[in-house]
Amino acid sequence: MGRTAGTYTCLVLLVLGFICFTSLYLRYLTSISFMKNLPMATEGAPILITNLDSTLDFRARPAVQTLTSWHAPIIWELMFDPKLYDKRHQEGNTTVALTVFAVGRYLDAYLNTFLTSAEKHFMIGLPVTYYVFTDLPEKVPKFELAPQRDLKVVKVQKNSRWQDISMMRMKTISETIETELEGKFSYLFCFDVDQEFKGRFGSEALGESVALLHAHFYKLPKERFTYDKQPKSKAYMKEGDYYYHAAIFGGSLEKVKALADFCHVSIMEDKMNEVEALWHDESHLNKYFWLNKPSRLLSPEYCWDPIIGDKSDIMVTRLIWEPKQYNMVRTR
Ligand SMILES: *[C@@H]1O[C@H](CO)[C@@H](O)[C@H](O)[C@H]1NC(C)=O
């Protein structure tokens, strides 16, 4: 009788133990698959700031896509808490560099508006250094910068064709990262100069590798994307994910350098093969982001063209294209 009771107790304990173990193991499996569905944590970034993206509300904007198939967030208004992002980046001592090219008549036409508006809206609360590349350093407007903000002027050669100016940018960016920026900044953003900041362009835009959805293409079917279609060009693409706009790209110094080097080498190879990609550096940038998926996408709220009639998705215009003064800036 005593022995039977002992055996029973033993069996019951074994069964209980098995149930306990199984349920814990199942919970472990579920938590792993849950983590897989979160946006990818970026290697190398401080944990404090990586975790921040788990606070994004991917359901805040039901009319638009907020997550790519590879789990990179697409940043739209209402998805993020601006105060929280700024606070964490300030605590993490995030520093930002911005490059902008103002060559030839682009300087007179756009630089002043670009810089004055950046002082009002770009990464407010974080230390920012502007790097202005120009052939006319003495003509860069002088004005008072806010505390913790700095401006450096770098002299560059003026190429004769605007296509070459825009393509040589990539070489200059790569060299500047190596000689000037490395070790000094957490992130780098590269901007076209013919734009004006109109609203917050803040720390929510920072990430390991950042691409911008082109305002004219984000709603179009993929067949309409203007990728390069010449098999001879390094930018040639049969298919892609999105059509990205080269007016803004950014990320860690390492990732931006990889992009700039890729584009520069591709452009040089194209020159040797006597082919020029359809949209110059933008075609190569699209190829780069097809092969190396960006970790963060910015919605067209971050670079809007006011000429577009359908503004239904645009809750905030943070930056707008300036009217293109092609006649004035592109003829010599
Ligand atoms: C940020 O800088 C402050 C002052 O230099 C320092 O005390 C703090 O540890 C730094 N924080 C991080 C996360 O590096």
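Here, the structure is the one placed above.
Positions within a chain are numbered from 1, following the residues in the order the chain's sequence is written. In keeping with the model being predicted, local features are shown solely for residues with a pLDDT of at least 70 and side-chain atom pairs are shown and tallied solely at 80 or more, while totals for entire chains, interfaces and linings include all residues. Processing note: side-chain calculations cover all non-hydrogen atoms of the structure and skip hydrogens and water entirely.

(A) The arrangement of the environment of G207 in detail. Inspection of the secondary structure puts G207 in the loop between β6 (195-197) and β7 (209-212). In this scheme, a residue with accessible area under 20% of its type's maximum is buried, one over 50% is exposed, and one in between is partly exposed, where area comes from a 1.4 Å probe on protein chains only. Given the relative accessible area of 8%, G207 is considered buried. Distance from G207 to D53, taken between C-alpha atoms, is 10.0 Å for residues 154 residues apart in sequence. In this analysis, two residues are considered to be in contact whenever any of their non-hydrogen atoms come within 4.5 Å of each other. Excluding its chain neighbours within four sequence positions, the residues that come into contact with G207 are Y187, G251, S252, S295 and R296. Comment: elements are numbered from the N terminus, with helices defined as DSSP H or I runs of at least four residues and strands as E runs of at least two.

(B) Highlighting the pattern of salt bridges. In what follows, salt bridge is the name for a side-chain nitrogen of Lys or Arg lying within 4 Å of a carboxyl oxygen of Asp or Glu. Applying the stated criterion across every chain yields a total of 21 salt bridges. Close ionic contact of D192 with R169 constitutes a salt bridge, the shortest N to O distance being 2.7 Å. Here D192, found in the loop between β5 (187-191) and β6, pairs with R169, found in helix α5 (residues 162-181); they are 23 residues apart in sequence, far enough to count as distant. By relative accessible area, R169 is classed as buried at 6%. Close ionic contact of K257 with D261 constitutes a salt bridge, the shortest N to O distance being 2.8 Å. Of this pair, K257 and D261 both sit in helix α6 (residues 253-272), four residues apart, roughly one helical turn.

(C) Highlighting the nonpolar core. With 80 residues, the main nonpolar core has F122, M123, F189, F191 and F201 as its most contacted residues. By residue number, the principal contributor to this core is helix α4 (residues 106-121), which donates eight residues. If sequence neighbours within four positions are ignored, F122 has contacts with V96, L98, V128, R149, F189, F191, F197 and F201. By size, the runner-up hydrophobic cluster in this structure holds five residues, among which are F225, Y227, M237 and Y243. We define the nonpolar core as a collection of buried residues of types Ala, Val, Leu, Ile, Met, Phe, Trp, Tyr and Cys that are connected through side-chain atoms lying within 4.5 Å of one another.

(D) Broad picture of the packing of aromatic side chains. Whether two aromatic rings pair depends on their centres lying within 6.5 Å, for rings of Phe, Tyr and Trp, where Trp uses its six-membered ring; planes under 30 degrees apart make the pair stacked, over 60 edge-to-face, and the rest tilted. Enumeration according to the criterion identifies 24 aromatic pairs in this entry. A centroid spacing of 6.1 Å and a plane angle of 55° characterise the contact between W76 and Y218, whose relative ring orientation is tilted. Taken together, the residues W76 in the loop between β1 (74-75) and α3 (82-91) and Y218 in the loop between β7 and β8 (248-251) connect sequence positions 142 residues apart. Since its relative accessible area comes to 1%, W76 is described here as buried. Accessibility expressed as a relative area gives 21% for Y218, which makes it partly exposed. Ring geometry for F201 versus Y302: centroids 5.1 Å apart, planes at 90°, classification edge-to-face. Taken together, the residues span a long stretch of sequence, with F201 in the loop between β6 and β7 and Y302 in the loop between β9 (296-298) and β10 (319-321) at a distance of 101 residues. For the pair shown, F201 and Y302 are each scored as buried. By way of ring pairs, the aromatic residues F114, F122, F189, F191, F197, F201 and Y302 are connected into one cluster. Looking at K293, its charged tip hangs above the ring of W70, at a distance of 5.4 Å from the centre. Two conditions define a charge located above a ring, namely a distance within 6 Å from the ring centre to NZ of Lys or CZ of Arg, and an angle within 35 degrees of the ring normal.

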